[in-house]
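Residue-level structure breakdown
In case you want the letters, here they are:
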Amino acid sequence: MSLIASEAMAEIRFSGFGSVVGAIAAGDDEIVDNEAGITATDAGVNGYHGDLSFETGSFFAIQADADLGDNLGATLQIMSRGKDDWEPEFSWAFLSYDVTDDWRILAGRQRVPFYLYSDYLDVSYAYHWISAPAQIYAPPFSSIDGLGSIYTHNFENSSLTGHFVIGQDTPSEGFQFENILGGALTFNYNDWLTLRVGRFQFDSTFEVEGTGPVFDGWRAAGFSDVADRLEVNDDEFIIYDYAMQIDYNDWMFIAEYSPIDVGDTFIGHLKPWMVSVGKRIDNVMLHATYGRYKIETPNYVLNDVPTGINPALDGLAQATQQGLLSGTAEDTPYYIVGARWDFHDSAALKFQYSAIEDNKNNSANLFQIALVTVF
Amino acid sequence: MKKIINVLTIVLVSVLNQAVLAEVAIIVHPDNAASISKTDVSKIFLGKAKKFPGGETAIPVTQNSGVKDEFNDKVLNKSSSQVKAFWSKLVFTGKGSPPKELSSDAEVISMVSKNPNLIGFIDASAVDDSVKVILKK
(Lines give C-alpha, C1' and ligand atoms only; values in the text may rest on other atoms or scores of the structure.)
Protein backbone atom coordinates (compact mmCIF):
# COMPACT_ATOMS: atom_id res chain seq x y z
CA MET A 1 0.00 0.00 0.00
CA SER A 2 1.47 3.39 -0.84
CA LEU A 3 0.65 6.75 0.68
CA ILE A 4 -0.01 8.42 -2.65
CA ALA A 5 -2.64 6.39 -4.45
CA SER A 6 -1.11 6.85 -7.87
CA GLU A 7 2.42 5.66 -7.07
CA ALA A 8 3.32 2.84 -9.45
CA MET A 9 7.06 2.41 -9.00
CA ALA A 10 8.51 -0.17 -6.64
CA GLU A 11 9.37 1.53 -3.38
CA ILE A 12 12.72 0.48 -1.96
CA ARG A 13 13.55 1.07 1.66
CA PHE A 14 17.02 0.70 3.12
CA SER A 15 17.70 -0.12 6.71
CA GLY A 16 20.40 -1.75 8.68
CA PHE A 17 21.98 -2.59 11.98
CA GLY A 18 25.41 -3.04 13.42
CA SER A 19 27.39 -3.88 16.50
CA VAL A 20 30.87 -2.77 17.44
CA VAL A 21 31.96 -5.18 20.13
CA GLY A 22 35.17 -5.16 22.12
CA ALA A 23 35.95 -8.20 24.21
CA ILE A 24 38.62 -9.95 26.19
CA ALA A 25 38.62 -13.38 27.79
CA ALA A 26 40.49 -14.43 30.91
CA GLY A 27 40.78 -17.65 32.87
CA ASP A 28 42.12 -21.15 32.49
CA ASP A 29 44.16 -21.70 29.33
CA GLU A 30 42.24 -24.88 28.57
CA ILE A 31 39.29 -22.69 27.68
CA VAL A 32 40.77 -19.31 26.78
CA ASP A 33 43.43 -20.70 24.43
CA ASN A 34 41.29 -23.51 23.12
CA GLU A 35 41.17 -23.42 19.33
CA ALA A 36 39.23 -26.61 18.74
CA GLY A 37 36.31 -28.33 20.37
CA ILE A 38 32.71 -29.18 19.80
CA THR A 39 30.95 -27.48 22.67
CA ALA A 40 29.73 -23.93 23.11
CA THR A 41 33.00 -23.17 24.82
CA ASP A 42 35.08 -24.01 21.78
CA ALA A 43 37.48 -21.55 20.23
CA GLY A 44 38.19 -19.72 23.45
CA VAL A 45 35.05 -18.22 24.92
CA ASN A 46 32.60 -17.67 22.06
CA GLY A 47 35.52 -17.06 19.75
CA TYR A 48 37.39 -14.66 22.03
CA HIS A 49 40.83 -15.27 23.50
CA GLY A 50 43.16 -13.53 25.90
CA ASP A 51 43.77 -10.42 23.78
CA LEU A 52 41.37 -7.51 23.48
CA SER A 53 39.55 -7.92 20.19
CA PHE A 54 37.19 -5.60 18.35
CA GLU A 55 36.98 -7.68 15.22
CA THR A 56 35.63 -11.00 16.43
CA GLY A 57 32.25 -9.73 17.57
CA SER A 58 31.68 -6.72 15.32
CA PHE A 59 29.51 -6.74 12.23
CA PHE A 60 27.20 -4.64 10.09
CA ALA A 61 24.24 -5.46 7.93
CA ILE A 62 22.33 -3.59 5.28
CA GLN A 63 18.85 -4.59 4.26
CA ALA A 64 16.87 -3.54 1.21
CA ASP A 65 13.10 -4.04 1.20
CA ALA A 66 11.24 -3.51 -2.05
CA ASP A 67 7.48 -3.20 -2.29
CA LEU A 68 6.68 -4.72 -5.68
CA GLY A 69 2.97 -4.05 -5.40
CA ASP A 70 0.10 -6.53 -5.34
CA ASN A 71 1.20 -7.77 -1.91
CA LEU A 72 4.54 -8.92 -3.29
CA GLY A 73 7.80 -7.84 -1.76
CA ALA A 74 11.49 -8.60 -1.96
CA THR A 75 13.98 -8.50 0.89
CA LEU A 76 17.72 -8.66 0.68
CA GLN A 77 20.14 -8.54 3.58
CA ILE A 78 23.90 -8.43 3.31
CA MET A 79 26.05 -8.89 6.38
CA SER A 80 29.71 -8.24 6.89
CA ARG A 81 31.41 -9.73 9.98
CA GLY A 82 34.78 -8.86 11.45
CA LYS A 83 35.50 -12.51 12.20
CA ASP A 84 35.02 -13.38 8.52
CA ASP A 85 37.46 -10.66 7.50
CA TRP A 86 34.53 -8.37 6.76
CA GLU A 87 33.62 -10.41 3.71
CA PRO A 88 30.00 -9.61 2.82
CA GLU A 89 27.55 -12.47 2.55
CA PHE A 90 23.87 -12.70 1.77
CA SER A 91 22.28 -13.60 5.07
CA TRP A 92 18.99 -13.71 3.31
CA ALA A 93 17.31 -12.94 0.03
CA PHE A 94 13.66 -13.79 -0.39
CA LEU A 95 10.40 -12.86 -2.03
CA SER A 96 7.41 -12.41 0.23
CA TYR A 97 3.76 -12.63 -0.66
CA ASP A 98 0.94 -11.48 1.61
CA VAL A 99 -1.83 -13.99 0.94
CA THR A 100 -4.00 -12.09 3.43
CA ASP A 101 -3.34 -9.38 6.01
CA ASP A 102 -2.46 -12.13 8.48
CA TRP A 103 -0.60 -14.63 6.29
CA ARG A 104 2.74 -14.09 4.61
CA ILE A 105 4.68 -16.61 2.53
CA LEU A 106 8.44 -16.32 2.05
CA ALA A 107 10.41 -18.00 -0.73
CA GLY A 108 14.18 -17.96 -0.87
CA ARG A 109 17.00 -17.76 1.60
CA GLN A 110 15.59 -17.05 5.06
CA ARG A 111 16.32 -17.54 8.72
CA VAL A 112 15.03 -20.57 10.66
CA PRO A 113 13.16 -19.50 13.81
CA PHE A 114 14.71 -22.14 16.05
CA TYR A 115 14.68 -20.12 19.27
CA LEU A 116 12.98 -17.13 20.88
CA TYR A 117 15.50 -14.65 19.50
CA SER A 118 16.57 -16.52 16.36
CA ASP A 119 14.67 -14.31 13.94
CA TYR A 120 16.56 -11.20 14.95
CA LEU A 121 19.57 -12.75 16.68
CA ASP A 122 22.00 -10.31 15.05
CA VAL A 123 19.94 -7.25 15.89
CA SER A 124 21.52 -6.66 19.27
CA TYR A 125 19.50 -3.44 19.60
CA ALA A 126 16.34 -5.56 19.92
CA TYR A 127 17.34 -7.34 23.14
CA HIS A 128 19.30 -6.81 26.33
CA TRP A 129 22.46 -8.95 25.98
CA ILE A 130 25.31 -8.00 23.66
CA SER A 131 24.61 -11.31 21.96
CA ALA A 132 22.26 -14.07 23.06
CA PRO A 133 23.89 -16.86 25.12
CA ALA A 134 25.88 -19.14 22.83
CA GLN A 135 24.94 -22.17 24.92
CA ILE A 136 21.51 -22.04 23.29
CA TYR A 137 21.97 -19.69 20.38
CA ALA A 138 24.47 -21.63 18.32
CA PRO A 139 22.40 -23.87 16.06
CA PRO A 140 24.21 -25.91 13.40
CA PHE A 141 22.88 -23.57 10.70
CA SER A 142 20.76 -20.46 10.82
CA SER A 143 19.31 -19.99 7.34
CA ILE A 144 17.78 -22.23 4.73
CA ASP A 145 16.85 -22.00 1.09
CA GLY A 146 13.20 -22.86 0.96
CA LEU A 147 9.70 -21.80 1.86
CA GLY A 148 8.36 -20.15 4.97
CA SER A 149 4.84 -19.47 6.13
CA ILE A 150 4.01 -16.93 8.80
CA TYR A 151 0.41 -16.73 9.99
CA THR A 152 -0.85 -14.58 12.84
CA HIS A 153 -4.29 -14.81 14.34
CA ASN A 154 -5.21 -11.75 16.36
CA PHE A 155 -7.68 -12.06 19.20
CA GLU A 156 -9.03 -9.22 21.33
CA ASN A 157 -6.07 -9.07 23.74
CA SER A 158 -3.73 -11.70 22.41
CA SER A 159 -2.26 -13.21 19.28
CA LEU A 160 -1.05 -16.57 18.07
CA THR A 161 1.63 -16.79 15.38
CA GLY A 162 2.70 -19.92 13.54
CA HIS A 163 5.97 -19.80 11.59
CA PHE A 164 6.76 -22.91 9.56
CA VAL A 165 9.68 -23.59 7.24
CA ILE A 166 10.83 -26.27 4.84
CA GLY A 167 14.08 -26.27 2.94
CA GLN A 168 17.75 -27.11 2.62
CA ASP A 169 20.93 -25.61 3.91
CA THR A 170 23.87 -25.06 1.58
CA PRO A 171 26.54 -27.58 2.53
CA SER A 172 29.80 -26.07 3.72
CA GLU A 173 33.13 -27.53 4.76
CA GLY A 174 31.87 -31.05 5.17
CA PHE A 175 28.69 -30.10 7.04
CA GLN A 176 25.46 -31.15 5.39
CA PHE A 177 22.01 -30.40 6.72
CA GLU A 178 19.06 -31.44 4.60
CA ASN A 179 15.32 -31.92 4.65
CA ILE A 180 14.78 -29.21 7.20
CA LEU A 181 11.18 -29.08 8.35
CA GLY A 182 9.62 -27.50 11.35
CA GLY A 183 7.84 -24.63 12.94
CA ALA A 184 7.23 -22.56 16.02
CA LEU A 185 4.05 -21.38 17.69
CA THR A 186 4.19 -18.11 19.61
CA PHE A 187 1.37 -16.92 21.85
CA ASN A 188 1.42 -13.33 23.04
CA TYR A 189 -0.95 -12.14 25.74
CA ASN A 190 -1.64 -8.43 26.12
CA ASP A 191 1.87 -7.55 24.98
CA TRP A 192 3.47 -8.59 28.28
CA LEU A 193 3.47 -12.38 28.16
CA THR A 194 4.97 -14.49 25.39
CA LEU A 195 4.91 -18.29 25.32
CA ARG A 196 6.67 -20.21 22.61
CA VAL A 197 7.11 -23.80 21.52
CA GLY A 198 9.05 -25.04 18.51
CA ARG A 199 10.15 -28.23 16.80
CA PHE A 200 12.54 -28.49 13.88
CA GLN A 201 13.90 -31.67 12.34
CA PHE A 202 16.70 -32.10 9.81
CA ASP A 203 19.08 -34.76 8.52
CA SER A 204 22.72 -34.24 9.43
CA THR A 205 25.94 -35.51 7.97
CA PHE A 206 29.34 -34.32 9.14
CA GLU A 207 32.62 -35.58 10.47
CA VAL A 208 34.48 -34.16 13.43
CA GLU A 209 38.26 -34.21 13.08
CA GLY A 210 39.83 -37.17 14.81
CA THR A 211 36.71 -39.30 14.97
CA GLY A 212 37.20 -40.99 11.59
CA PRO A 213 39.92 -43.39 12.80
CA VAL A 214 37.79 -44.35 15.82
CA PHE A 215 34.87 -45.38 13.63
CA ASP A 216 37.24 -47.21 11.23
CA GLY A 217 38.59 -49.05 14.26
CA TRP A 218 35.13 -50.30 15.24
CA ARG A 219 34.42 -51.48 11.71
CA ALA A 220 37.77 -53.28 11.53
CA ALA A 221 37.00 -54.99 14.85
CA GLY A 222 33.75 -56.33 13.44
CA PHE A 223 31.45 -53.88 15.24
CA SER A 224 30.07 -51.86 12.31
CA ASP A 225 26.87 -51.38 14.27
CA VAL A 226 28.69 -49.28 16.88
CA ALA A 227 30.33 -47.15 14.21
CA ASP A 228 27.09 -46.64 12.28
CA ARG A 229 25.19 -45.55 15.37
CA LEU A 230 27.85 -43.18 16.69
CA GLU A 231 28.74 -41.62 13.36
CA VAL A 232 26.78 -38.61 12.09
CA ASN A 233 25.66 -39.81 8.68
CA ASP A 234 22.21 -38.85 7.50
CA ASP A 235 20.98 -38.91 11.08
CA GLU A 236 17.83 -37.09 12.03
CA PHE A 237 18.36 -34.33 14.61
CA ILE A 238 15.44 -32.58 16.25
CA ILE A 239 15.68 -29.16 17.86
CA TYR A 240 12.95 -28.34 20.37
CA ASP A 241 12.31 -25.00 21.97
CA TYR A 242 10.24 -24.04 24.99
CA ALA A 243 10.37 -20.40 25.97
CA MET A 244 8.58 -17.82 28.03
CA GLN A 245 9.09 -14.08 28.13
CA ILE A 246 7.51 -11.60 30.50
CA ASP A 247 7.81 -7.88 29.84
CA TYR A 248 5.85 -6.14 32.57
CA ASN A 249 6.30 -2.47 33.50
CA ASP A 250 10.00 -2.18 34.19
CA TRP A 251 10.66 -5.87 34.66
CA MET A 252 11.71 -8.47 32.16
CA PHE A 253 11.97 -12.20 32.70
CA ILE A 254 12.94 -14.89 30.21
CA ALA A 255 13.18 -18.64 30.56
CA GLU A 256 14.19 -20.90 27.70
CA TYR A 257 14.91 -24.61 27.39
CA SER A 258 16.11 -25.84 24.00
CA PRO A 259 16.99 -29.53 23.84
CA ILE A 260 18.49 -31.09 20.72
CA ASP A 261 17.85 -34.80 20.13
CA VAL A 262 20.69 -36.29 18.10
CA GLY A 263 19.66 -39.94 18.03
CA ASP A 264 22.51 -42.30 18.94
CA THR A 265 25.30 -40.14 17.52
CA PHE A 266 28.33 -39.46 19.67
CA ILE A 267 27.52 -35.72 19.76
CA GLY A 268 25.17 -36.42 22.65
CA HIS A 269 21.81 -34.86 23.41
CA LEU A 270 22.18 -31.17 24.16
CA LYS A 271 19.97 -29.85 26.93
CA PRO A 272 20.80 -26.20 27.50
CA TRP A 273 18.52 -23.86 29.42
CA MET A 274 18.63 -20.39 30.91
CA VAL A 275 16.68 -17.82 32.93
CA SER A 276 17.27 -14.13 32.58
CA VAL A 277 15.98 -11.21 34.63
CA GLY A 278 16.16 -7.53 33.78
CA LYS A 279 15.08 -4.25 35.39
CA ARG A 280 14.66 -1.01 33.52
CA ILE A 281 15.55 2.21 35.37
CA ASP A 282 14.99 5.26 33.15
CA ASN A 283 16.94 4.39 30.02
CA VAL A 284 19.24 1.86 31.62
CA MET A 285 18.51 -1.83 31.92
CA LEU A 286 20.37 -4.07 34.33
CA HIS A 287 20.22 -7.80 33.71
CA ALA A 288 21.43 -11.09 35.08
CA THR A 289 21.28 -14.53 33.49
CA TYR A 290 21.91 -18.03 34.79
CA GLY A 291 21.92 -21.17 32.70
CA ARG A 292 23.21 -24.68 32.36
CA TYR A 293 24.87 -26.34 29.42
CA LYS A 294 24.21 -30.05 29.44
CA ILE A 295 25.34 -32.81 27.09
CA GLU A 296 24.15 -36.39 27.60
CA THR A 297 26.22 -38.86 25.61
CA PRO A 298 24.88 -42.25 24.39
CA ASN A 299 27.21 -44.36 26.50
CA TYR A 300 24.75 -47.27 26.13
CA VAL A 301 25.91 -47.80 22.54
CA LEU A 302 28.92 -49.68 23.94
CA ASN A 303 26.83 -51.91 26.21
CA ASP A 304 26.93 -54.89 23.85
CA VAL A 305 30.69 -54.76 23.37
CA PRO A 306 32.36 -57.54 25.40
CA THR A 307 35.10 -56.34 27.74
CA GLY A 308 38.12 -58.10 29.14
CA ILE A 309 38.47 -60.43 26.15
CA ASN A 310 40.60 -58.51 23.72
CA PRO A 311 43.01 -55.80 24.96
CA ALA A 312 42.85 -53.97 21.61
CA LEU A 313 39.06 -53.92 21.81
CA ASP A 314 39.25 -52.70 25.41
CA GLY A 315 41.60 -49.95 24.31
CA LEU A 316 39.22 -48.88 21.54
CA ALA A 317 36.24 -48.92 23.91
CA GLN A 318 38.12 -46.85 26.46
CA ALA A 319 39.28 -44.33 23.85
CA THR A 320 35.74 -44.02 22.60
CA GLN A 321 34.36 -43.48 26.10
CA GLN A 322 37.00 -40.90 27.00
CA GLY A 323 37.14 -39.06 23.75
CA LEU A 324 33.63 -39.24 22.40
CA LEU A 325 31.23 -40.29 25.13
CA SER A 326 31.37 -39.78 28.89
CA GLY A 327 34.56 -37.79 28.44
CA THR A 328 32.64 -35.11 26.58
CA ALA A 329 29.46 -35.26 28.64
CA GLU A 330 28.82 -32.03 30.43
CA ASP A 331 26.58 -30.29 32.96
CA THR A 332 28.12 -26.89 33.54
CA PRO A 333 26.77 -23.52 34.63
CA TYR A 334 27.13 -20.14 32.98
CA TYR A 335 26.42 -16.66 34.32
CA ILE A 336 25.97 -13.34 32.62
CA VAL A 337 25.48 -9.91 34.16
CA GLY A 338 25.26 -6.72 32.19
CA ALA A 339 23.82 -3.29 31.60
CA ARG A 340 22.27 -1.62 28.61
CA TRP A 341 22.13 2.16 28.26
CA ASP A 342 19.79 3.65 25.66
CA PHE A 343 21.63 6.91 25.37
CA HIS A 344 20.24 7.66 21.92
CA ASP A 345 17.09 7.00 19.94
CA SER A 346 18.79 4.50 17.64
CA ALA A 347 21.81 3.30 19.58
CA ALA A 348 22.60 1.62 22.86
CA LEU A 349 25.77 1.09 24.85
CA LYS A 350 26.14 -2.30 26.51
CA PHE A 351 28.47 -3.80 29.10
CA GLN A 352 28.58 -7.47 29.91
CA TYR A 353 30.48 -9.94 32.05
CA SER A 354 30.08 -13.72 31.52
CA ALA A 355 31.52 -16.69 33.37
CA ILE A 356 31.60 -20.28 32.18
CA GLU A 357 33.00 -23.62 33.31
CA ASP A 358 33.83 -26.72 31.34
CA ASN A 359 33.38 -30.37 32.35
CA LYS A 360 36.90 -30.57 33.74
CA ASN A 361 36.49 -27.76 36.29
CA ASN A 362 38.29 -25.17 34.19
CA SER A 363 36.67 -21.76 34.21
CA ALA A 364 36.86 -18.59 32.16
CA ASN A 365 35.43 -15.08 32.11
CA LEU A 366 34.55 -12.75 29.29
CA PHE A 367 34.30 -8.97 29.46
CA GLN A 368 32.51 -7.19 26.64
CA ILE A 369 31.58 -3.65 25.74
CA ALA A 370 29.44 -2.90 22.72
CA LEU A 371 27.85 -0.08 20.78
CA VAL A 372 24.80 -1.37 18.95
CA THR A 373 22.58 0.44 16.52
CA VAL A 374 19.73 0.18 14.05
CA PHE A 375 19.17 2.64 11.23
CA MET B 1 33.25 21.37 40.78
CA LYS B 2 32.42 23.68 37.88
CA LYS B 3 31.95 20.69 35.56
CA ILE B 4 29.53 19.06 38.00
CA ILE B 5 27.51 22.28 38.27
CA ASN B 6 27.33 22.55 34.48
CA VAL B 7 26.21 18.93 34.14
CA LEU B 8 23.60 19.39 36.86
CA THR B 9 22.32 22.51 35.11
CA ILE B 10 21.92 20.62 31.84
CA VAL B 11 20.12 17.76 33.57
CA LEU B 12 17.84 20.15 35.46
CA VAL B 13 16.97 22.13 32.35
CA SER B 14 16.11 19.02 30.36
CA VAL B 15 14.00 17.70 33.23
CA LEU B 16 12.12 21.01 33.42
CA ASN B 17 11.61 21.03 29.66
CA GLN B 18 10.12 17.57 29.82
CA ALA B 19 7.80 18.73 32.62
CA VAL B 20 6.04 21.01 30.14
CA LEU B 21 4.44 18.15 28.24
CA ALA B 22 2.82 18.55 24.86
CA GLU B 23 -0.66 17.22 24.26
CA VAL B 24 -0.90 14.69 21.46
CA ALA B 25 -3.78 14.65 19.00
CA ILE B 26 -4.48 11.55 16.88
CA ILE B 27 -5.90 12.63 13.54
CA VAL B 28 -7.61 11.07 10.54
CA HIS B 29 -9.21 12.32 7.33
CA PRO B 30 -12.46 14.26 7.97
CA ASP B 31 -14.45 11.59 6.03
CA ASN B 32 -13.28 8.80 8.31
CA ALA B 33 -16.36 7.93 10.36
CA ALA B 34 -14.93 4.91 12.21
CA SER B 35 -15.13 4.84 15.99
CA ILE B 36 -11.50 4.36 17.00
CA SER B 37 -10.37 3.65 20.55
CA LYS B 38 -6.92 4.12 22.07
CA THR B 39 -6.45 0.35 21.85
CA ASP B 40 -7.28 0.44 18.14
CA VAL B 41 -4.75 3.24 17.63
CA SER B 42 -2.11 1.26 19.48
CA LYS B 43 -2.77 -1.87 17.41
CA ILE B 44 -2.66 0.05 14.14
CA PHE B 45 0.60 1.80 14.98
CA LEU B 46 2.21 -1.49 16.08
CA GLY B 47 1.14 -3.30 12.94
CA LYS B 48 -1.23 -5.63 14.75
CA ALA B 49 -4.32 -4.27 13.03
CA LYS B 50 -4.34 -3.28 9.40
CA LYS B 51 -7.90 -1.99 9.25
CA PHE B 52 -10.03 0.59 11.03
CA PRO B 53 -12.92 -0.82 13.12
CA GLY B 54 -15.24 -0.09 10.17
CA GLY B 55 -13.22 -2.33 7.84
CA GLU B 56 -11.37 0.34 5.87
CA THR B 57 -7.61 -0.11 5.38
CA ALA B 58 -5.62 1.80 7.98
CA ILE B 59 -2.20 3.25 7.08
CA PRO B 60 -0.37 4.79 10.06
CA VAL B 61 2.21 7.55 9.64
CA THR B 62 4.58 8.70 12.35
CA GLN B 63 6.72 11.78 12.60
CA ASN B 64 10.26 12.26 13.76
CA SER B 65 9.81 15.30 15.98
CA GLY B 66 9.28 16.05 19.68
CA VAL B 67 5.69 14.86 19.92
CA LYS B 68 6.76 11.33 18.91
CA ASP B 69 8.08 10.54 22.40
CA GLU B 70 4.79 11.77 23.90
CA PHE B 71 2.79 9.61 21.51
CA ASN B 72 4.88 6.50 22.15
CA ASP B 73 4.67 6.99 25.90
CA LYS B 74 0.99 7.95 26.23
CA VAL B 75 -0.61 5.88 23.50
CA LEU B 76 1.70 2.89 22.92
CA ASN B 77 2.96 2.76 26.53
CA LYS B 78 6.51 2.27 25.32
CA SER B 79 9.62 4.43 25.22
CA SER B 80 10.86 5.39 21.78
CA SER B 81 13.74 2.94 22.17
CA GLN B 82 11.27 0.16 22.93
CA VAL B 83 9.25 1.03 19.84
CA LYS B 84 12.41 0.99 17.77
CA ALA B 85 13.37 -2.41 19.21
CA PHE B 86 9.85 -3.70 18.54
CA TRP B 87 10.05 -2.74 14.87
CA SER B 88 13.61 -4.01 14.44
CA LYS B 89 12.35 -7.47 15.36
CA LEU B 90 9.90 -7.34 12.47
CA VAL B 91 11.85 -5.36 9.90
CA PHE B 92 14.98 -7.45 10.02
CA THR B 93 13.12 -10.72 9.68
CA GLY B 94 10.91 -9.75 6.78
CA LYS B 95 7.83 -9.95 8.93
CA GLY B 96 6.72 -6.37 8.71
CA SER B 97 7.69 -2.77 8.21
CA PRO B 98 7.26 0.28 10.41
CA PRO B 99 4.94 3.17 9.51
CA LYS B 100 6.29 5.80 7.17
CA GLU B 101 8.03 8.56 9.12
CA LEU B 102 7.26 12.18 8.21
CA SER B 103 9.08 15.18 9.57
CA SER B 104 6.63 17.68 11.04
CA ASP B 105 3.09 18.37 12.23
CA ALA B 106 2.45 20.26 8.98
CA GLU B 107 3.54 17.32 6.83
CA VAL B 108 1.35 14.89 8.79
CA ILE B 109 -1.67 17.21 8.48
CA SER B 110 -0.99 17.65 4.78
CA MET B 111 -0.88 13.89 4.05
CA VAL B 112 -3.74 12.86 6.38
CA SER B 113 -6.07 15.50 4.96
CA LYS B 114 -5.58 14.03 1.48
CA ASN B 115 -5.91 10.29 2.12
CA PRO B 116 -8.90 8.74 3.94
CA ASN B 117 -6.87 5.66 4.89
CA LEU B 118 -4.18 7.50 6.82
CA ILE B 119 -3.95 7.99 10.57
CA GLY B 120 -1.30 10.14 12.23
CA PHE B 121 -0.44 12.12 15.36
CA ILE B 122 0.48 15.75 15.88
CA ASP B 123 0.95 18.28 18.64
CA ALA B 124 -2.61 19.17 19.72
CA SER B 125 -1.88 22.87 19.25
CA ALA B 126 -1.30 22.33 15.50
CA VAL B 127 -4.76 20.91 14.77
CA ASP B 128 -6.73 22.70 12.05
CA ASP B 129 -10.03 21.90 10.37
CA SER B 130 -8.55 19.99 7.42
CA VAL B 131 -8.30 16.93 9.66
CA LYS B 132 -10.46 15.19 12.25
CA VAL B 133 -9.23 14.56 15.79
CA ILE B 134 -10.28 11.19 17.16
CA LEU B 135 -8.25 11.11 20.35
CA LYS B 136 -6.30 13.49 22.53
CA LYS B 137 -3.80 12.51 25.19
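Here the structure is a predicted model, which is why all the values come from computation and not from measurement. (Residues numbered from 1 in each chain as written. Chains lettered and ligands numbered in written order. Predicted model: local features only at pLDDT ≥ 70, side-chain atom pairs only at ≥ 80, totals over all residues. Heavy atoms only, no water.)

Let's shift gears to the overall build of chain B. Scanning chain B from terminus to terminus reveals five helices and five strands. A burial count over chain B gives 43% of its 137 residues as buried. For chain B, the proportion of contacts with a sequence separation of at least 24, taken over those separated by at least 6, is 70%. Roughly 7000 Å² of accessible area belongs to chain B as shown, and the carbon and sulfur atoms make up 56% of that amount. (Helix = DSSP H or I, 4+ residues; strand = E, 2+ residues; numbered from the N terminus. Buried < 20%, exposed > 50% of the residue type's maximum accessible area, 1.4 Å probe, protein only. Contact = heavy atoms within 4.5 Å. Areas by Shrake-Rupley, 256 points an atom, 1.4 Å probe, with all protein chains shown as cover.)

Looking now at helix H5 (residues 105-112) of chain B. The complete set of buried residues in H5 of chain B reads Asp105, Val108, Ile109, Met111 and Val112 of chain B. Elements that come into contact with the buried residues of H5 of chain B comprise strand E1 (24-28), strand E2 (59-63), helix H3 (67-74), strand E3 (100-102) and strand E4 (118-123) of chain B.

Further remarks concern the confidence of the model for chain A. When pLDDT is averaged across chain A, the result is 90; 95% of the residues are at 70 or more. Of all helices and strands in chain A, the one with the weakest mean pLDDT is helix H1 (residues 29-32) of chain A (81), whereas strand E9 (residues 193-205) of chain A scores best (97). (pLDDT = per-residue confidence, 0-100.)

Residue and element names in this part refer to chain A. Within this structure, the stated rule accounts for 22 salt bridges over all chains. For Arg280, the salt bridge is made with Asp247, and the minimal N-O distance between the two is 3.2 Å. Taken as a pair, Arg280 in strand E14 (residues 273-281) and Asp247 in strand E10 (residues 233-248) lie far apart in primary sequence, 33 residues in all. Residue class for Arg280 comes out buried when judged on its relative accessible area of 17%. For Asp342, the salt bridge identified is with Arg340, shortest N-O distance 2.9 Å. By the burial criterion, Asp342 is buried, and Arg340 matches it. Several salt bridges converge on common partners, so that one network encompasses Arg81, Arg111 and Asp122. (Salt bridge = Lys/Arg side-chain N within 4 Å of Asp/Glu carboxyl O.)

Turning to the environment of Ser80 of chain B, a few remarks are in order. Considering the arrangement of structural elements, one finds Ser80 of chain B in helix H4 (residues 80-91). Here Ser80 of chain B falls in the buried class, since its relative accessible area comes to 12%. Counting along the chain gives 14 residues from Ser80 of chain B to Gly94 of chain B, while the straight-line C-alpha distance between them is 21 Å. Ignoring any residue separated from it by four or fewer positions in sequence, one finds Ser80 of chain B in contact with Asp345 of chain A together with Lys68, Asp69 and Asn72 of chain B. Of note is the side chain of Ser80 of chain B, whose polar atom sits 2.4 Å from the side chain of Asp69 of chain B. (Polar contact = N/O pair within 3.5 Å; in protein donor to acceptor, adjacent residues only side chain to side chain.)

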